[in-house]
Amino acid sequence: MAQKQWVYGFGGGESAGDASMKALLGGKGANLAEMSKLGLPVPPGFTITTEVCTEFYENKRTYPAELAAQVDAAMAVLEKKAGKGFGDASNPLLVSVRSGSRASMPGMMDTVLNLGLNDETVEGLAKLSGDARFAYDSYRRFIQMYSDVVLELEHGEFEEILGSQKDLQGYSSDTEMTAEDWKAVVKEYKRAVERQLGKPFPSDPKDQLWGAVGAVFASWMNDRAIFYRKHNNIPESWGTAVNVQAMVFGNMGETSATGVAFTRDPSTGAKKFYGEFLINAQGEDVVAGIRTPRALTKAARLEMKETGESLEEAMPAVFAELVAVYQKLEAHYRDMQDLEFTVERDKLYMLQTRNGKRTAKAALKIAVDMVGEGLITTDEAVLRVDAAALDQLLHPTIADGYTRDIICRGLPASPGAAVGIVVFDPDEAERLAADRQKVILVREETSPEDIHGMHASQAIVTARGGMTSHAAVVARGMGRPCVSGAGDIRINMKAGEFTAGGRVVKRGETITVDGSAGHVLFGAAQMVEPELTGDFATVMTWADAARRLKVRTNADTPHDADVAVKFGAEGIGLCRTEHMFFDAQRIASVRKMIVAETQGARIKALDELFPHQRADFVAIFKAMGGRPVTIRFLDPPLHEFLPHSEEDIAEVAPSLGVTADWLSSRVKALAESNPMLGFRGCRLAIVFPEIYDMQARAVFEAACDVAEQGAAPIPEIMIPFAITKKELEILKGRIDAIAGEVFGKRGRKLDYLVGTMIELPRAALRAGEIAELAEFFSFGTNDLTQATLGVSRDDAGRFLGTYVERQVLTSDPFVSIDADGVGELVRLACERGRATRQGLKLGICGEHGGDPASIAFFERAGLDYVSCSPYRVPIARLAAAQAALARKG
Ligand code: PEP
Ligand code: MG
């Protein structure tokens with residue numbers, strides 16, 4: 001049987017791999033192979049594949065049997081290409097060892113440089129380079145790095161040794177150290193290693209190599225790597241590759257240098273060569289920030305008012321070669337590249353190229369520019385921009401470089417940043433906002449009765465709750481920044497203050513909330529307003545041309561509707577009517593309706609609400625200018641509208657014309673132990689049909705009012721929380737009758753639909769018969785996730801984090817749809833619904849409607865539209881386009 005190939009060589013005129021082999025060779029390895037294929041100056045080396053990493057972990061941390069022989073053979077080829085010998089004292093080959101997974105993962109294992117040095121080869125290096133100081137400096141760097149990264153020894157002692165040598169000689173900087181000084185340091189370093197390790201520092205280059213290779217594979221499972229993977233959705237199964245490469249030295253004197261470069265500006269996207277370098281330095285010096293790197297180009301140097309020469313001025317020939325290389329690489333990869341290079345005695349070497357990370361703003365500009373330059377198509381441009389990253393452009397943000405005084409951290413529940421004064425009470429928030437004060441609402445957690453206060457606030461902070469807690473969902477819907485689950489916060493309402501991490505913040509003090517980072521800061525941070533540039537609009541037009549899914553919005557107010565239309569929403573997919581019930585003027589009528597003991601009293605209260613509700617719908621229909629509007633009838637458990645504390649009950653009772661005692665007993669009677677699975681949704685209307693009757697009448701009257709003035713709206717009435725066809729039969733029957741009545745009276749007939757939410761497993765399973773009556777389905781994936789997984793939306797924060805960390809679940813199912821479980825129900829309901837009713841309109845209005853990964857799933861499931869909060873509409877448009885293009889392949 002042919003042996004499996006575990007090792008791939010590159011450089012020196014021949015390469016076994018290429019850029020398409022990222023899964024096997026990792027990004028770094030694949031690109032090194034590709035660069036050498038392009039004839040660029042890449043120091044030779046070899047890549048140990050990611051499959052070795054996978055085998056290593058599957059087989060109790062042992063290597064495949066053939067690996068050692070394949071590495072030996074690759075090393076022999078490398079020696080030949082380099083014209084040096086690994087461990088050869090007279091002509092030593094030194095190598096670097098670096099990790100490199102499929103996706104770039106900063107924070108994994110650091111690099112080991114100068115591997116292959118020992119007491120003999122260092123002498124060879126001194127002779128070859130003619131520079132003993134350089135040789136011993138390299139040796140001490142190697143011992144230091146290897147001890148840190150591979151042997152995991154305490155590095156404090158190394159710093160002490162270096163410090164005392166400098167003190168002894170009266171030096172103030174490393175540059176004053178002589179060859180003899182470094183030699184003395186090396187000796188002490190080796191002693192320190194032997195003391196800590198209980199055995200000598202490995203002197204055999206082969207042992208050193210296997211130590212470093214093992215450390216790279218082990219680093220795949222270190223805490224930093226696990227954390228990074230979790231936050232970037234990188235599967236553990238990908239593994240990392242190891243790249244072993246002949247060393248080139250940027251620290252061989254004034255004709256040597258090392259640097260990093262971007263082919264375009266990664267922060268603005270401007271088409272200019274951008275980067276930094278250091279003369280007489282190794283790569284780590286640029287990153288470590290010990291010396292300040294200099295600009296590559298003369299123009300940048302002048303712009304930054306630097307005095308030291310740029311690379312363009314210091315090494316014009318090398319610079320010209322580097323320019324030719326970068327232009328070749330960008331044209332070849334057809335994307336902005338992030339490069340690492342080293343100059344050894346006036347000769348340029350390329351150590352890395354990869355697609356450069358960039359801000360959302362830069363991504364848009366680069367995509368549009370590259371279409372203009374004929375480098376990429378508009379579809380490719382659409383695929384180049386990270387949809388989720390657009391968030392950066394849709395909310396005010398804290399200025400880069402602002403020094404944050406962080407009070408506490410929580411979940412980044414709703415993006416953007418805002419400044420305001422601390423308030424704890426929603427009514428006070430509303431009052432102060434009416435006085436044009438900017439306030440930030442800080443609560444233990446929020447409930448629907450806090451909505452007016454949330455709306456009046458610039459941002460919301462809660463001590464409890466997860467990413468789909470009430471505060472988080474509502475804040476995202478309103479476009480308010482929110483930090484939820486800031487567990488350190490202790491609110492003392494009586495004292496009018498909160499404490500966090502031992503610090504006290506009083507009511508009325510100014511704070512800043514960064515909902516993108518999950519930070520709460522002292523004082524007013526410096527802010528930057530959102531900027532929708534021309535490039536952003538251009539990419540959106542291309543996205544619209546590429547997508548199939550329509551994008552609607554979840555909006556309850558004309559203002560939200562306006563914002564969403566500005567961002568390109570094609571309709572409202574969810575108007576939660578209960579949010580209209582919390583208005584200060586109406587809440588008394590709502591409460592009367594709830595506590596009513598007779599149908600007559602209930603109808604009287606509903607009659608009071610009717611004109612308000614009709615006015616709400618008129619305003620929303622107008623804002624949507626003829627676009628479809630899905631109106632969901634009352635959904636939450638009624639007790640949410642009632643006061644609960646004795647104090648509140650006493651305050652509210654007079655406005656309802658009842659005694660506090662009576663109200664208190666009514667509140668108790670209405671209490672439920674599990675309200676989310678209790679008397680809510682259409683169950684309310686089955687028991688009290690007059691509630692939906694009033695809402696239906698308000699919808700049809702409003703539609704007639706608006707139609708009389710111009711653009712006729714298409715109301716889509718949505719029944720929440722249904723589980724049977726029978727519920728729809730009863731409720732749709734009444735709605736149709738009211739429509740007939742209103743249209744008869746007004747002398748006009750308008751199109752409308754009656755449909756249902758699919759947010760409970762039974763509804764999904766019985767979708768076939770439900771579709772006999774429902775004219776559309778909208779998946780309420782928040783409740784569907786809660787009910788399918790049996791995980792409470794509000795309490796999930798306690799354990800979901802651990803579930804994701806330990807990979808019990810791959811991601812938070814309330815953020816990204818659980819495609820295997822909840823998704824299976826969605827697929828099944830689509831299939832069964834459409835089998836009954838051909839062309840049944842299918843949408844989704846849960847929080848997942850604004851999540852790119854979920855949108856890709858909904859595209860594949862064949863839905864007609866997704867609906868998300870106004871501020872996510874552009875993200876959804878782009879993600880829908882990317883999903884459609886991905887399907888086309
Ligand atoms: C849902 O359950 O997904 C939904 C949109 O409804 P709500 O979040 O209002 O329960
Ligand atoms: Mg729901």
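In this text, all values refer to a predicted model and were calculated from it rather than measured experimentally.

Colleague: Mind showing me how you'd approach the overall build of the protein here?
Modeller: Tallying secondary structure elements over the protein gives 35 helices and 31 strands in all. Each of the three principal axes of the protein carries a C-alpha extent, and together these read 105 × 60 × 55 Å. Buried residues in the protein amount to 55% of all 889 residues. Across the protein, every contact between residues at least 6 apart in sequence was considered, and the portion connecting residues at least 24 apart equals 68%.

Colleague: Could you clarify how one ought to interpret the sheet that holds strand β9 (residues 337–344) in this entry?
Modeller: Backbone hydrogen bonds hold the strands of a sheet together, and the pairing may be parallel or antiparallel. The strand order across the open sheet formed by 5 strands is β8-β7-β6-β9-β10, and the pairing between neighbours is antiparallel. Two strands close off the open sheet at either side, each with one partner strand: β8 (294–295) and β10 (347–355). In this sheet, β8 lies alongside strand β7 (residues 274–279) in antiparallel orientation, the contact comprising 2 bridges. Counted as the bridge partner of Glu276 is Ala295 from β8.

Colleague: Please clarify how the coordination of the magnesium ion (ligand 2) should be interpreted in this entry.
Modeller: Around a metal, the perfect tetrahedron of four donors has angles of 109.5 degrees, and the perfect octahedron of six donors has angles of 90 or 180 degrees. Within the first shell, the magnesium ion (ligand 2) binds the protein through Glu759 (OE) and Asp783 (OD), at distances of 2.0 to 2.2 Å. With a gap of 24 residues between them, Glu759 in the loop between β28 (753–758) and α29 (761–765) and Asp783 in helix α31 (residues 781–789) connect regions that are remote in the sequence. You'll find Glu759 and Asp783 in the same group, each marked buried.

Colleague: Before we go on, may I ask you to explain the site of ligand 1 in this structure?
Modeller: Around ligand 1 there are 14 residues in total, and Arg576, Gly780, Asn782, Asp783 and Arg793 lie nearest to it. Between ligand 1 and the protein, one listed contact pairs an oxygen atom with a backbone N or O atom of Asn782 at 2.7 Å. Here an oxygen atom of ligand 1 sits 2.9 Å away from a polar atom, N or O, in the side chain of Arg793. Here ligand 1 has 290 Å² of accessible area as a free molecule, and 95% of this is covered by the chains. Mapped onto the shell around ligand 1, the elements with two or more residues apiece are β25 (572–576) and α31. The biggest single contributor to the shell around ligand 1 is α31, with 3 residues. Taken together, the residues of the shell around ligand 1 break down into 3 nonpolar, 4 polar and 7 charged.

Colleague: I tried to follow the domain arrangement of the protein on my own but got confused; where do I start?
Modeller: Often the size quoted for an interface is simply the accessible area lost on bringing the parts together. Taken as a whole, the protein is organised into domain 1 (7–246), domain 2 (257–358), domain 3 (395–528) and domain 4 (547–637 + 672–888). Once you take the C-alpha centre of each, domain 1 and domain 4 turn out to be 57 Å apart.

Colleague: I tried to follow the sheet that holds strand β19 (residues 497–500) on my own but got confused; where do I start?
Modeller: In space, the 3 strands of this open sheet follow the order β18-β19-β20, with antiparallel pairing throughout. Of all the strands in the sheet, just β18 (490–492) and β20 (503–506) have a single pairing partner and so form its edges. Neighbour-to-neighbour, the strand axes of the sheet open up by a mean angle of 25°, direction not taken into account. Inspection of the sheet shows β19 paired to β20 by 4 bridges, in the antiparallel sense.

Colleague: Would you mind showing me how to read the packing of aromatic side chains here?
Modeller: The geometry of an aromatic ring pair is captured by the separation of the ring centres together with the interplanar angle, meaning the angle of the planes. If you walk through the whole model with that rule in mind, you get 23 aromatic pairs. Aromatic side chains Phe679 and Phe688 sit 5.9 Å apart centroid to centroid with 65° between the ring planes, which places their arrangement in the edge-to-face category. A ring pair is formed by Phe700 and Tyr752, whose centres lie 4.8 Å apart and whose planes are at 70°; its orientation type is edge-to-face. Highlighted residues: Phe700 in helix α27 (residues 690–709) and Tyr752 in the loop between α28 (725–746) and β28, separated in sequence by 52 residues. Residue Phe700 shares its accessibility class with Tyr752, and that shared class is buried. Through a chain of ring-to-ring contacts, the aromatic side chains of Phe56, Tyr57, Tyr63, Trp210 and Phe217 assemble into a single cluster. We note Arg229 situated over the ring of Trp220; from NZ or CZ to the ring centre the distance is 4.1 Å. Looking at Lys566, its charged tip hangs above the ring of Phe567, at a distance of 5.4 Å from the centre.

Colleague: What is the right way to read a nonpolar patch on the surface from this model?
Modeller: A contiguous nonpolar surface patch, about 220 Å² in accessible area, is contributed by Ile686, Val687 and Ile730. The topology assignment puts Val687 in helix α26 (residues 682–687).

Colleague: Where do I start with unusual backbone geometry in this structure?
Modeller: Apart from glycine, the bulk of residues carry a negative phi angle, and the bulk of peptide bonds sit in the trans form. Positive phi, normally seen in glycine, also occurs at Arg61, with a value near 60°. Structurally, Arg61 is set in the loop between α2 (50–58) and α3 (67–82). Since its relative accessible area comes to 46%, Arg61 is described here as partly exposed.

Colleague: Help me understand a negative patch on the surface, please; the structure alone is not making it clear to me.
Modeller: A surface patch of negative charge is lined by Asp427, Glu430, Asp583, Glu647, Asp648 and Glu651. Looking at the negative patch, the elements that each hand over two or more residues are α17 (426–434) and α24 (646–656). The biggest single contributor to the negative patch is α24, with 3 residues. Tracing the chain through its elements places Glu651 in helix α24.

Colleague: Help me out: how do you make sense of the packing of helix α20 (residues 534–546) against helix α35 (residues 873–888) in this one?
Modeller: Helix-helix packing: each pair is described by the crossing angle between the helix axes and the interaxial distance. It is the contact of α20 with α35, at a shortest axis distance of 8 Å, that shows an interaxial angle of 45°. Taken together, the axis directions place α20 and α35 in an arrangement best described as oblique. Crossing of α20 over α35 shows left-handed handedness. Between α20, through Phe536, Val539, Met540, Ala543, Asp544 and Ala546, and α35, the contact on the second element is made entirely by Pro874, Arg877, Leu878, Ala881, Ala884 and Leu885. Residue composition of the contact of α20 with α35, by class: 10 nonpolar, no polar and 2 charged.

Colleague: Whenever I open this one, the nonpolar core confuses me. Can you help?
Modeller: In globular proteins that are soluble, nonpolar side chains generally tend to be buried together. If you look at the biggest cluster of nonpolar residues, it comprises 148 residues, and the most contacted ones within it are Phe700, Phe779 and Leu863. In terms of residue count, the dominant contributor to this core is α27 (12 residues). Residues from two domains meet in this core; each of domain 3 (395–528) and domain 4 (547–637 + 672–888) gives at least three. Leave out the neighbours within four places in its chain, and Phe779 touches Ile758, Leu784, Val826, Ala829, Cys830, Leu842, Gly843, Ile844, Cys845, Gly846 and Leu863. Among the nonpolar cores identified, the runner-up in size contains 64 residues, and Phe46, Met75, Val185 and Ala192 belong to it.

Colleague: What should I look at first to understand the packing of helix α14 (residues 360–372) against α20 in this one?
Modeller: α20 packs onto α14 with a crossing angle of 65° between their chain directions and a minimal axis gap of 9 Å. Between α14 and α20, the angle is such that the two are roughly perpendicular. For the pair α14 and α20, the sense of crossing is left-handed. The segment α14 lies against α20, with Leu364, Lys365, Ala367, Val368 and Val371 engaging Asp535, Phe536, Thr538, Val539 and Trp542. The residue makeup of the contact of α14 with α20, split by class, is 7 nonpolar, 1 polar and 2 charged.

Reading the values: rules and limits
Residues numbered from 1 in each chain as written. Chains lettered and ligands numbered in written order. Predicted model: local features only at pLDDT ≥ 70, side-chain atom pairs only at ≥ 80, totals over all residues. Heavy atoms only, no water. Helix = DSSP H or I, 4+ residues; strand = E, 2+ residues; numbered from the N terminus. Buried < 20%, exposed > 50% of the residue type's maximum accessible area, 1.4 Å probe, protein only. Contact = heavy atoms within 4.5 Å. Pairing = 2+ DSSP bridges. Donors = N, O, S within 2.8 Å, 3.2 Å for Na, K, Ca; no water. Near = heavy atom within 4 Å. Polar contact = N/O pair within 3.5 Å; in protein donor to acceptor, adjacent residues only side chain to side chain. Areas by Shrake-Rupley, 256 points an atom, 1.4 Å probe, with all protein chains shown as cover. Nonpolar A, V, L, I, M, F, W, Y, C, P; charged D, E, K, R; others polar. Domains from an automatic or database assignment. Axes fitted to C-alpha atoms, helices over the stretch in contact; angles between N-to-C directions. Phe/Tyr/Trp six-rings, centres within 6.5 Å; stacked < 30°, edge-to-face > 60°. Lys NZ or Arg CZ within 6 Å of the ring centre and 35° of its normal. Patch = residues over 30% accessible without salt bridge, like charges linked within 9 Å, V, L, I, M, F, W, Y side chains within 5 Å. Salt bridge = Lys/Arg side-chain N within 4 Å of Asp/Glu carboxyl O. Lys, Arg positive; Asp, Glu negative; His and termini not counted. Charge placed at Lys NZ, Arg CZ, Asp CG, Glu CD. Parallel < 35°, antiparallel > 145°, perpendicular 65-115°, else oblique. Left-handed = near helix turned anticlockwise from the far one by under 90°. Core = buried A, V, L, I, M, F, W, Y, C linked by side-chain atoms within 4.5 Å.

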